[in-house]
Amino acid sequence: MPALTVPAIAPALPELLLAAGALVLVLIGAVQGDRSRGLVGALALALLVAAGLAVAMQPAGRIETFNGAFVVDGFARFMKLLTLLGAAASLILSSDYLKRERLDRYEYPILVVLATTGMLMMISANDLIALYVGVELQSLALYVIAAMDRDNARSSEAGLKYFVLGALSSGMLLYGASLTYGFSGTVSFPGIAAALQNGHSAGIVFGVVFLAAGLAFKISAVPFHMWTPDVYEGSPTPVTAFFAAATKMAAMAMTVRVFVGAFPGIVPQWQQIVVFIAIASMVLGAFAAIGQRNIKRLMAYSSIGHMGYALVGLAAGTEQGVNGVLVYMALYLAMTLGAFACIIAMRREGGMVEEIDDLAGLARSQPALAFCLAMLLFSLAGIPPLAGFFAKFYVFAAAIQAKLVTLAVIGIVASVVGAYYYIRIVKVMYFDEPRGAYLPMAPGLKLVLGVSSAVVVLFWLAPAPLVGAAAAAAKSLF
């Protein structure tokens, strides 16, 4: 009988820190009740920062543990830092909002910490079982916070839709995983890659199709995007920001690792799937947002389109393509957090407003806020010299180098079409008659908006640190 060995737990220290911290926060909340709301929120933010420091201090190189099911490499460290940054910023954005809307419950930051634990697990998963565990840990927490505004019918509807469709996507992901295991004989990503070196069967291709369907739901890519507009609109706005920022980082990281790590030998097969999803997402994101009047629904369709642009880099199937995806996601995180800081700041004496027309004349009453939002919108549209232009440049350049010229051209055309609805918001802010001033922004909103705007506007002055870090992270996958 072989001797039992205790797996090394140091590589999983950030995840263990968050999981143990969440249990402590549950005890604090259970003992002190609603009086603990401020303390639990502050400790949750401190936990996310501590996890980020633990990730940053991990040694360089590739480390596997738990019998190869969990891997830490440059790619994992890069995406974990982005995910933790998005989660921490979402907690900062939510603080003042939840108090004003009387939704300030101690359970919310705990659920954010648990969801983030699942996200980190997704990023480091190196086999199909670990992947599924991470996905479900994230999803169960997200279902609850989507419906946390129990007195609001739209929020309850958002949580229910997300739960039903999320269960469907998990079933697809699990079916794809079972097919892949059945035809490769292993659940390990390196093992699957080794098994496919001697050729592949139709069963593996079917498995990849179902895996892609499950993954497309998690990144809200077409044709599994149908939940996104309703969930974005119905959920409390800071929850929507969490969905748009942190969860997208983890889901895209998981998607890249599955395709590049487990199926490097059948790139032509999965490349066709990714190209289709990318084109459909970019086109739908460009055209469906044009008629939107609610800014959260518009951001939902914008998010669908941006996931399509990121998938252009993955479709290349090369190291340069993954580098483009990483740069794109990092800059998308900054743009999205800044935009949602502005959306949360859309508050008048009567309460929150979400219609685009309510931004009329914002440049006259709050010129600094209007300028920052305009720069973020121009960057989302991909207008130079803002950060969004460089993000799209890297993914399109990778696609062209991989001889996917048609894909790059469709992406550029979709960017031009999509620019219309971003510029329309700027027109409303600067040229329409004012409809009344907004209340002053909370300090947390100012902090997130200021940092995001600085990254977006000044990125062209010093792109080397981010691009270099992304290149090193991409190299660790190949």
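Residues numbered from 1 in each chain as written. Predicted model: local features only at pLDDT ≥ 70, side-chain atom pairs only at ≥ 80, totals over all residues. Heavy atoms only, no water.

The name recorded for the protein chain in an unreviewed UniProt entry is NADH-quinone oxidoreductase subunit N, from Chelatococcus albus. Regarding the protein chain, the UniProt comment filed under Subunit (unreviewed entry) reads as follows: "NDH-1 is composed of 14 different subunits. Subunits NuoA, H, J, K, L, M, N constitute the membrane sector of the complex." (UniProt positions renumbered as here; feature names shortened; annotations may be inferred.)

**Describing the overall build of the protein chain**
When helices and strands are tallied, the protein chain shows 19 helices and four strands. Relative to the 2.2 N^0.38 estimate, which gives 23 Å for 478 residues, the radius of gyration of the protein chain is 21 Å and therefore close to what a compact globule would have. When its C-alpha atoms are laid out on the principal axes, the protein chain stretches across 75 × 60 × 40 Å. For the protein chain, buried positions account for 59% of its 478 residues. Excluding contacts between residues fewer than 6 apart, the proportion of contacts in the protein chain whose partners are at least 24 apart in sequence is 80%. Approximately 18,100 Å² of the protein chain is accessible, and the part contributed by carbon and sulfur atoms is 69%. Counting 28 positive and 23 negative side-chain charges, the protein chain places the centres of these two groups 4 Å from one another. (Helix = DSSP H or I, 4+ residues; strand = E, 2+ residues; numbered from the N terminus. Rg over C-alpha atoms; globule rule 2.2 N^0.38 Å. Buried < 20%, exposed > 50% of the residue type's maximum accessible area, 1.4 Å probe, protein only. Contact = heavy atoms within 4.5 Å. Areas by Shrake-Rupley, 256 points an atom, 1.4 Å probe, with all protein chains shown as cover. Lys, Arg positive; Asp, Glu negative; His and termini not counted. Charge placed at Lys NZ, Arg CZ, Asp CG, Glu CD.)

**Regarding the UniProt feature "domain: NADH:quinone oxidoreductase/Mrp antiporter transmembrane" (unreviewed entry) in the protein chain**
UniProt feature "domain: NADH:quinone oxidoreductase/Mrp antiporter transmembrane" (unreviewed entry): in the numbering of this structure it lies at residues 125-417. End C-alpha atoms of residues 125-417 are separated by 37 Å, and the span's content is 77% helix alongside 1% strand.

**Re the packing of helix H15 (residues 367-381) against helix H16 (residues 387-401)**
Where H15 meets H16, the axes come as close as 6 Å, and the angle between the chain directions of the two elements is 15°. Judged by the angle between their axes, H15 and H16 are roughly parallel. Between H15 and H16 lies a crossing whose hand is right-handed. Contacts from Ser379, Leu380 and Ala381 of H15 reach H16 at Ala387, Gly388, Phe389 and Lys392. (Axes fitted to C-alpha atoms, helices over the stretch in contact; angles between N-to-C directions. Parallel < 35°, antiparallel > 145°, perpendicular 65-115°, else oblique. Left-handed = near helix turned anticlockwise from the far one by under 90°.)

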